[in-house]
Amino acid sequence: MSPASELLSATLAQPDFHPRLPRQRRLYEAAKTAIHQNQLGAGNKLPSSRDLARDLGIARNTVIAAFEQLAAEGYVTSAPGSGTYVADLQELSAGMRHGAGAAAPDAGGRAAAPLSRRGQEITAFAAGPRFEIQPFAPGDADFSSFPFKLWQRLQNRVWREARADLLDYGQSGGHLPLRQAITEYLRISRSVKVSVEQVMITAGTQQSLDLCAQLLADVGGTAWVEDPCYWGARRVFQARDLLLHPITVDAHGMALGADDLASDPRLIYVTPSHQYPTGAVMSLARRRELLDVAVRKNAWILEDDYDSEFRYTGRPLAALQGLDTDNRVLYMGTFSKVLYPGIKIGYLVVPPALIEAFKSALYDLQRPGQLMVQAALADFIALGHFSTHVRKIRQIYGARRELLRRTLLAQLGPREGHGVRISSEESGLHLVVELPDWADDVALARLAAESAIQVKALSTYYLAAPLRRGLLVGYAYVTPEKIVYYGKLLAAVIQSGVRR
């Protein structure tokens, strides 16, 4: 067996290497990864399709199809009568930079920036890769637990009804039965003060935040945000040219200081029930203080209740909105965490005075649709399937969270209490491994990535200078077997980073 065959064979044998992909796609991914990592260097000759098929024990047509895909994307080149060779990616990239896809040079010969200043700022912190389905990626839910067949039956029933009105955009804030179901759910489970008219169906939290930023704040206005802060909220506010004023988060949530109170925000973004990313719960005193400040400063509070379903002990905490007597809070939630990300359905509860404006803007700016999906979701909730599903995954996630804690503690041993501490809050989809102040959590996250572990550095969520170091470790989309396996690897990475 040739070295290239051995390399590809070892990669394909890894149990977590794209196990659900077709064979030709898995081979293509293995070869592409090896080329990017320079394990198959430029100019290296690949085995013939016949030899590689024999070495890997797969059909020759599978190898040919993989080679054709690699060639089409420029990873390999074929010379008739000679063989297939790994392309020089650096040379290819240089050609692309000087070709048609390059930015046109300015008068001084410099390449003009292809993005606006706003675009450069928004894309400087690439958030997309954080949601790849890899062990311990924070924020990911196990949507493989979703009841596919039941959902299919509900959708089929909606389509059989052949209602033409469900093919329209939906100009009334969303499908009425879904808004009614959400209203009842929020009243009972979250103590939200809400009428059906106040509920707007959006495409998720990002769209809810964007609507609020456009309708409630002008360019150059100030938004108070938690520090550390959810990256998605930061990006939306930056895209709308708002000035971000970071406010420190401690064990009791957003902690307003004299310097903070000297500024006048238009928006105040908070995650009071389970602060993202630290997990802190805002105390009742802080909640009341924030509501008073919003009234005095004529500001709007944007309450992001992104994972309230995932509390593993006791009842879910009441929403901040339920304490609001002055109609200063806009409350938002999403079904992406509890059902599946691609459903792209969230909800926004607005104060009565804002109903008509938000309903009009939602239609004019976003052209909402997906009424067929909304109708199926309304039935899913009304028939009791939603509450059943929540109970099921809450039990699954709670068990995985406890297993991850036990696995890490067993490996870290006495280091817990010597600068390393594992968060103990019983909620959410991730836990935080807090590190000593002198530890480099960014370097540890990179080191973990070398073992295919997708944790995130706590310090990268800060706008101001980081006050804490740590790693965000997700546990929802990880099977128990992988939690134990990768948990031990992660503990070893952590030990290497705090060893002095």
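In this text the structure is predicted, and so the values were computed from the model without any measurement.

## Considering the overall build of the protein
- Helices and strands together make up the secondary structure of the protein, namely 17 helices and 14 strands.
- Its C-alpha radius of gyration of 26 Å places the protein within 12% of the 23 Å reference for a compact globule of 500 residues.
- Dimensions of the protein, computed from C-alpha atoms along their principal axes, come out at roughly 80 × 65 × 60 Å.
- Evaluated residue by residue, the protein yields a buried proportion of 49% over its 500 residues.
- Put simply, 72% of the contacts in the protein that link residues at least 6 apart link residues at least 24 apart.
- Placing the 56 positive and 50 negative side-chain charges of the protein at their respective mean positions leaves the two points 4 Å apart.

## Concerning the sheet that holds strand S14 (residues 469–474)
- Ordered in space as S11-S12-S14-S13, the four strands form an open sheet in which the pairing is antiparallel. At either end of the open sheet lies a strand with only one pairing partner, and these are strand S11 (421–422) and strand S13 (456–457).
- As judged from the two bridges shared by S11 and strand S12 (residues 430–435), these two strands associate in the antiparallel manner. Paired with Arg421 across the strands is Glu434, a residue of S12.
- Sheet strands in contact with helix H15 (residues 385–412) are S11, S12 and S14, and its direction is about 20° off that of S12.
- Sheet strands in contact with helix H16 (residues 441–449) are S12, S13 and S14, and its direction is about 35° off that of S14.

## Notes on the state of the cysteines
- Going through the model one piece at a time under the given rule, you end up with zero disulfides.
- Considering cysteine sulfurs only, Cys229 is the nearest to Cys212, which forms no disulfide, with 14 Å between them.

## Structural notes on the nonpolar core
- Of all hydrophobic cores here, the largest spans 69 residues; its most connected members are Phe136, Phe335, Leu377 and Leu490.
- The dominant element in this core, judged by the number of residues it contributes, is helix H14 (residues 371–382), at nine residues.
- Ala217, Cys229, Leu302 and Leu458 belong to the second largest nonpolar core, which has 36 residues in total.

## Re helix H4 (residues 60–72)
- Over its 13 residues, H4 runs 18 Å from end to end, which matches the ideal 18 Å to within 8%, given 1.5 Å per residue.
- Buried residues in H4 make contact with helix H2 (23–36), helix H3 (49–56), strand S1 (76–79) and strand S2 (83–86).
- The first or second residue beyond H4 is Gly74, which carries a positive phi of 85°.

## Quick notes on the side chain of Ser273
- Among the secondary structure elements, Ser273 is positioned in the loop between strand S7 (267–270) and helix H12 (284–296).
- Within the structure, the side chain of Ser273 is placed 3.2 Å from the side chain of Arg190, a separation counted as a polar contact.
- When residues no more than four places from it in sequence are discounted, the contact partners of Ser273 are Arg190, Val281, Arg287, Glu303, Asp305, Leu317 and Ala318.

## Thoughts on the pairing of S7
- Along S7, one buried face is formed by Leu267 and Tyr269 and the opposite face, lined by Ile268 and Val270, is buried too.
- Two strands pair when backbone bridges link them, and strand S4 (residues 222–227) and S7 are joined in this way by three bridges, in the parallel orientation. What sits directly across from Trp224, in S7, is Ile268.
- This β-α-β element, S7 to H12 to strand S8 (residues 300–304), shows right-handed connectivity.

## Brief notes about the environment of His274
- Tracing the backbone shows His274 in the loop between S7 and H12.
- Its relative accessible area of 3% is what places His274 among the buried residues.
- Sequence separation between His274 and Tyr306 is 32 residues; the distance between their C-alpha atoms is 8.4 Å.
- Setting aside anything within four residues of it in sequence, one finds His274 in contact with Gly279, Ala280, Tyr306, Asp307, Glu425, Ser427 and Gly428.
- For His274, the side chain forms a polar contact with the side chain of Ser427, separated by 3.5 Å.

## Structural notes on the sheet that holds S7
- With mixed pairing, the eight strands of this open sheet are ordered in space as S3-S10-S9-S8-S7-S4-S5-S6. Strands at the two margins of the open sheet, each flanked by one partner only, are strand S3 (199–202) and strand S6 (253–254).
- Inspection of the sheet shows S4 paired to strand S5 (residues 243–250) by six bridges, in the parallel sense. Within S5, the residue paired with Asp227 across the bridge is Thr248.
- Where helix H13 (residues 355–366) meets the sheet, its contacts fall on S3, strand S9 (329–334) and strand S10 (346–349), and the angle it forms with S3 comes to roughly 20°.

## A few points about helix H17 (residues 480–498)
- End to end, H17 covers 26 Å across 19 residues, agreeing with the expected 27 Å (1.5 Å per residue, within 8%).
- Looking at H17, one finds that the buried residues are Ile483, Tyr486, Gly487, Leu490, Ala491, Val493, Ile494 and Val498.
- Looking at the buried side of H17, the elements it contacts are H15, S12, H16 and S14.

## Considering the packing of aromatic side chains
- Counted under the stated rule, the structure contains 16 aromatic pairs.
- Ring geometry for Phe335 and Tyr347: centres 5.6 Å apart, planes at 65°, overall edge-to-face. Here the residue Phe335 occupies a position in the loop between S9 and S10, and Tyr347 occupies one in strand S10, the gap between them amounting to 12 residues.
- Residue classification places Tyr347 among the buried positions, given a relative accessible area of 2%.

## Details of the confidence of the model for the protein
- Across the protein, pLDDT averages 87, with 90% of residues at or above 70.
- Taken element by element, the predicted model of the protein shows its lowest mean pLDDT in helix H5 (residues 89–97) (55) and its highest in S7 (98).
- Of the regions scoring below 50 in pLDDT, residues 96–102 engages in three contacts with residues more than four places distant in sequence or in other chains.
- Segment residues 128–132 is flagged for pLDDT under 50; beyond a separation of four residues in sequence, or across chains, it makes 14 contacts in the model.

Cut-offs used in this document
Counting restarts for each chain, with residues numbered from 1 along the sequence as it is written. In keeping with the predicted nature of the model, local features appear solely for residues at pLDDT of at least 70, side-chain atom pairs appear and are counted solely at 80 or more, and the whole-chain, interface and lining totals rest on all residues. Side-chain numbers come from the whole structure's heavy atoms, not from hydrogens or water. Helical segments are the DSSP runs of H or I of at least four residues, strand segments are the runs of E of at least two, and each set is numbered from the N terminus. To get the radius of gyration, use the C-alpha atoms; to get the globule rule, take the number of residues to the power 0.38 and multiply by 2.2 Å. Only protein chains enter the accessibility calculation, which uses a 1.4 Å probe; a residue is then buried when its area is under 20% of its type maximum, exposed when over 50%, and partly exposed in between. The criterion used for residue contact is that any of the two residues' heavy atoms lie within 4.5 Å. His is not counted, nor are the chain ends, whereas Lys and Arg count as positive and Asp and Glu as negative. In plain terms, the charge of a residue is placed at NZ if it is Lys, CZ if Arg, CG if Asp and CD if Glu. Being paired, for any two strands, means DSSP has found at least two bridges between them. Working convention: axes come from line fits to C-alpha atoms, limited for helices to the stretch in contact. Angles between N-to-C directions cover 0 to 180 degrees. By definition, disulfides here are pairs of cysteine sulfur atoms that lie within 2.5 Å. We call a set of buried residues a nonpolar core when its members are Ala, Val, Leu, Ile, Met, Phe, Trp, Tyr or Cys and they connect through side-chain atoms within 4.5 Å of each other. A helix is expected to reach a length of 1.5 Å times the quantity of its residues less one. Under this definition, polar contacts are N or O atom pairs within 3.5 Å; protein pairs additionally need one hydrogen-donor-capable and one acceptor-capable atom, and for neighbouring residues in sequence, both atoms have to be side-chain atoms. Orient the strands so they point away from the viewer; a crossover is then right-handed if the path from the first strand over the helix to the second runs clockwise. Pairing of aromatic rings covers Phe, Tyr and the six-membered ring of Trp, with a centre-to-centre limit of 6.5 Å; geometry is then stacked below 30 degrees between planes, edge-to-face above 60, and tilted otherwise. Per residue, pLDDT measures the predictor's confidence, with a range of 0 to 100.

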